[in-house]
Amino acid sequence: MYRFLLTPRWWGINLFVVLAIPFCVFMGMWQLGRFEDRVQSHEQAEKQPDPSTRAAKPLDELLPVDKVTSGRPAVATGTYADQFLVPGRELDDRRGFYVLNLLRTDSGKALPVVRGWLPGSATGARVPAAPEGEVTVTGDLQASENSRSDGVNARGGLPGGQIGMISAATLVNLVPYDVYDAWVTLPEAEAGGTGGAMKPVPAAAPEGSGLDLKAFQNLGYTGEWFVFAGFVLFMWFRLVRREAEAERDIALGLVPEPEDPAAAPADPAAQEAPDDPAVPGAPEAARKAPAAP
């Protein structure tokens, strides 16, 4: 009954099933592993002490920024230079902008420093001037933003003096000196500005260390791949069952065999055409034959 499984058509179906199911299971396990890694990173981050409570260290000792050094207090000395506003940033459910200044250090490179946040629009806003002369700042270290960071405007088209992303790749095209691939946010912002006193911007958790939307997307993809594997197996069993039932019905004679077109009787009207010329359908020779005298 199941000899049809050895036909060329079913060889192709079987090969597809044999390859598709392990692939779906592998992809599901891979997505599940990504979710478990994020859960483990989140648990480890919760066990660690708050980075901002640890002792401050010189900036160069904490670079490059990773999950361990992100949020750690970093100390840098230099002179404030160019100032930029970062619009479209929310704080305490209010929309506003960051005030960012580049701190030129003795090494010649500049460190982006977010001095605080102000509500309202950044266009035409008046913000307090940065302190003059050499200053020493201590701020929570942060990695450069990217297109996936919250609040980032990667579309461009902002007015002069504004940036949509705090990153070395963005700032290096706007200033004639090198920029650190990191930035700091001051835990105690300065006062002033038309919007009132600037508020400090809290440090964000390092990317990939929490149970964010991406973690639950990995869990959802895990379920989808396993569902795909089950669907492939279900459809294969259904096709096999339908084919087996058809073979059984033919063997039991429940399905009539197709008729042979050659054995079908001819049209009686075509077989017995009348000889009378007056009768429609008579042979053409009979109609043209002359009448007897």
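What you are looking at is a predicted structure, and each value in this text was computed from that prediction instead of being measured.

Caption draft 1: Here's a closer look at the pattern of salt bridges. Enumeration according to the criterion identifies four salt bridges in this entry. One salt bridge connects R95 with E90, and the closest N-O pair in it is separated by 3.8 Å. Using a relative accessible area of 55% as the deciding quantity, one classes R95 as exposed.

Caption draft 2: Examining the packing of aromatic side chains more closely. Scanning all chains against the criterion turns up four aromatic pairs. Ring geometry for F35 against F216: centres 6.3 Å apart, planes inclined by 55°, an arrangement best described as tilted. Placement of F35 in helix α1 (residues 8-47) and of F216 in helix α4 (residues 213-251) is noted, with a sequence separation of 181 residues between them. According to the relative accessible area criterion, F35 is buried, its value standing at 15%. Judged by relative accessible area, which is 46%, F216 ranks as partly exposed. Between W236 and F237 the ring centres are 5.1 Å apart and the planes differ by 75°, which places this aromatic pair in the edge-to-face class. Ring pairing ties together the aromatic residues F23, W225 and F228, which thus form one cluster. In this arrangement the basic side chain of R104 is found over the ring face of Y177, its NZ or CZ atom lying 4.1 Å from the centre.

Caption draft 3: Quick look at the side chain of T105. By secondary structure assignment, the location of T105 is in strand β3 (residues 94-105). Owing to a relative accessible area of 13%, T105 belongs among the buried residues under this scheme. A distance of 2.8 Å separates a polar atom in the side chain of T105 from a polar atom in the side chain of S107. Sequence-distant contacts of T105, that is, excluding residues within four places in its chain, are made with T77, G78 and Y180.

Cut-offs and rules
Residues numbered from 1 in each chain as written. Predicted model: local features only at pLDDT ≥ 70, side-chain atom pairs only at ≥ 80, totals over all residues. Heavy atoms only, no water. Salt bridge = Lys/Arg side-chain N within 4 Å of Asp/Glu carboxyl O. Buried < 20%, exposed > 50% of the residue type's maximum accessible area, 1.4 Å probe, protein only. Phe/Tyr/Trp six-rings, centres within 6.5 Å; stacked < 30°, edge-to-face > 60°. Helix = DSSP H or I, 4+ residues; strand = E, 2+ residues; numbered from the N terminus. Lys NZ or Arg CZ within 6 Å of the ring centre and 35° of its normal. Polar contact = N/O pair within 3.5 Å; in protein donor to acceptor, adjacent residues only side chain to side chain. Contact = heavy atoms within 4.5 Å.

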